[in-house]
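So you can see what is in the structure, the chains are spelled out below.
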Amino acid sequence: MEQLLRDYATPILRAAGLAKQNVRVVVLNDRSFNAFVMDGRHIFVNAGALFDAKTPNEIIGVFAHETGHLAGGHLQRLREQLASAQTASIIALLAGIGAAVAGARSGAGGDVGAAAIMAPQSMIMRSLLSYVRTQEDQADHAGVKFLNATGQSPRGMVDLFKRLSNEVLFNSRYIDPYMQSHPMPADRVAALETIAKASPYWDRKDPPELQLRHDLMRAKLSGFLERPETVARRYPLSEHSLPARYARAISTYRHSDLHQAIGQIDGLIQAQPNNPYFYELKGQALLEGGRPAEAIAPLRQAVQLSHNTPLIEILLAQALNATDNPKNAEEAVGLLRTAISREPESPEAYSQLAMAYGRKGDVANADLASAQAAFSRGDLKTARQLAARAKTRLPVGSPAWVRADDIVNVKPPNATAGNQQ
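Residues numbered from 1 in each chain as written. Predicted model: local features only at pLDDT ≥ 70, side-chain atom pairs only at ≥ 80, totals over all residues. Heavy atoms only, no water.

Colleague: Kindly report on the sheet that holds strand β3 (residues 42-46), identifying the contributing residues and their values.
Modeller: The sheet built from three strands is open, its strands ordered β1-β3-β2 with mixed pairing. Two strands lie at the open edges of the sheet, namely β1 (24-28) and β2 (35-36), each paired on one side alone. Here five bridges tie β1 to β3, and the two strands are oriented parallel to one another. Bridging from a neighbouring strand, valine 27 pairs with valine 45 of β3. Packing against the sheet, helix α3 (residues 56-71) makes contact with β1, β2 and β3, and its axis sits at approximately 140° to β3. (Pairing = 2+ DSSP bridges. Helix = DSSP H or I, 4+ residues; strand = E, 2+ residues; numbered from the N terminus. Contact = heavy atoms within 4.5 Å. Axes fitted to C-alpha atoms, helices over the stretch in contact; angles between N-to-C directions.)

Next up, the structure:
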């Protein structure tokens, strides 16, 4: 999934001039449709958006829109607008309080003061939301521009927004359009469709092999996130496509019979012997089924075929650790150090590294890896305690000692905020 989404996003980011910013796509386990950016380094997309996007072009359109926010510097500008709105809100509040006091002195009712406070606040909110709607419109236009620059159709972007607008059309007649953060659905789709249909690539289709990868991604989401009966309805036994078999195999291993699931996965491998993710699934099923030694071979194959994908390297290291063999621990350390160099924010990788060092009897580095795992999870208190203990066992001034010292000296966010006040 991560590799596919990278393949979707990379050409768009390159067209936007953001290829060197190392922007990552992060999938959130949320069934609602949403995608958003919160900094200049990540595009967050809900699993629900991947479920709802029926073609690669649709989700690529979502990435193009979000990249429009990044390229337009909308986050920084929005922060400036929020700061300005906050200042205006305080001034309006003080003016409203003054009016309330004056009203009280003159014997007027309290409603006058309340109105004096609420009216400016409402105007400020409407102004701010109007600004956000303008940003959304700009992101739509930028998204079409990036799609054209990469020779891709904006049709998927239009189709997806049109489908979403139909879902909320019934309620939109009761909505105040000036109190929305996004343009009203019908207006937005109409404006987007006008510029999109002018694209020379409007009728360009996704390549069949890319559509298959997209369908496999959606099948994987279904198998892992949905209940068995839901998977069975979505992918009935009468459907023999590769995505349907993939979803059923995942659901079978997770909720039913491991032996039967392995047979189904072997069938997938027979159909696509060079697909690393089918070997990954077999290794994961065996590992979680309590057969880690048997999981090592398919996971090795998955690492090789995927050209050393970090997440699969972490899974292979987990299988090596689970065999409780000191010789395997050495290999696990090497795999995990390589994986962490490319996935530095993975708590699981650091936890497995701590276990591997523990198997080797290297307590100092095990403590440091545990500290890094806690830090990645946001547990700063535990991270500092473990790092302090690691420092007592590491050579002073060594790279590992310096990393431990950095964690010990990290200040909690609330402490930093308190110092600024």
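Colleague: I'd like to hear about the nonpolar core, residue by residue, with values.
Modeller: Within the largest apolar cluster, 51 residues are counted, with the highest numbers of intra-cluster contacts made by Tyr246, Tyr253, Ile265, Phe278, Leu281, Leu316 and Leu353. Once residues lying within four places of it in the same chain are set aside, the contact partners of phenylalanine 278 are Leu216, Leu242, Tyr246, Ile265, Leu268, Ile269 and Gln272. Grouped together as the second largest cluster of nonpolar side chains are 41 residues, Phe51, Ile59, Ala142 and Leu192 included. (Core = buried A, V, L, I, M, F, W, Y, C linked by side-chain atoms within 4.5 Å. Buried < 20%, exposed > 50% of the residue type's maximum accessible area, 1.4 Å probe, protein only.)

Colleague: Residues and numbers for the confidence of the model for the chain, please.
Modeller: If pLDDT is low for a region, its predicted coordinates should not be looked at in detail. Put simply, the chain has an average pLDDT of 83, and 79% of its residues get 70 or more. Under a pLDDT of 50 for its full length, residues 112-120 has, in the predicted model, nine contacts with residues more than four places off or in other chains. In this model residues 416-421 is a low-confidence stretch, pLDDT under 50, and it forms one contact with partners more than four residues away in sequence or in other chains. (pLDDT = per-residue confidence, 0-100.)

Colleague: Got a sec to walk through the packing of aromatic side chains? Specific residues and values, please.
Modeller: Counted by the stated rule, this structure contains three aromatic pairs. Ring centres of phenylalanine 36 and phenylalanine 44 lie 5.2 Å apart, and the angle between their planes is 15°; this geometry places the pair in the stacked category. Look at phenylalanine 44 and you get buried, because its relative accessible area is 17%. Arranged with centres 5.2 Å apart and planes meeting at 65°, the rings of tyrosine 246 and phenylalanine 278 form a pair that is edge-to-face. One end of the pair, tyrosine 246, is in helix α10 (residues 242-255); the other, phenylalanine 278, is in helix α12 (residues 276-288), with 32 residues separating them in the sequence. Both residues of the pair, tyrosine 246 and phenylalanine 278, count as buried. (Phe/Tyr/Trp six-rings, centres within 6.5 Å; stacked < 30°, edge-to-face > 60°.)

Colleague: Residue-level account of the environment of alanine 196, with values.
Modeller: Mapped onto the elements, alanine 196 comes out in helix α7 (residues 185-196). A C-alpha to C-alpha distance of 9.6 Å links alanine 196 and leucine 147, two positions 49 residues apart in sequence.

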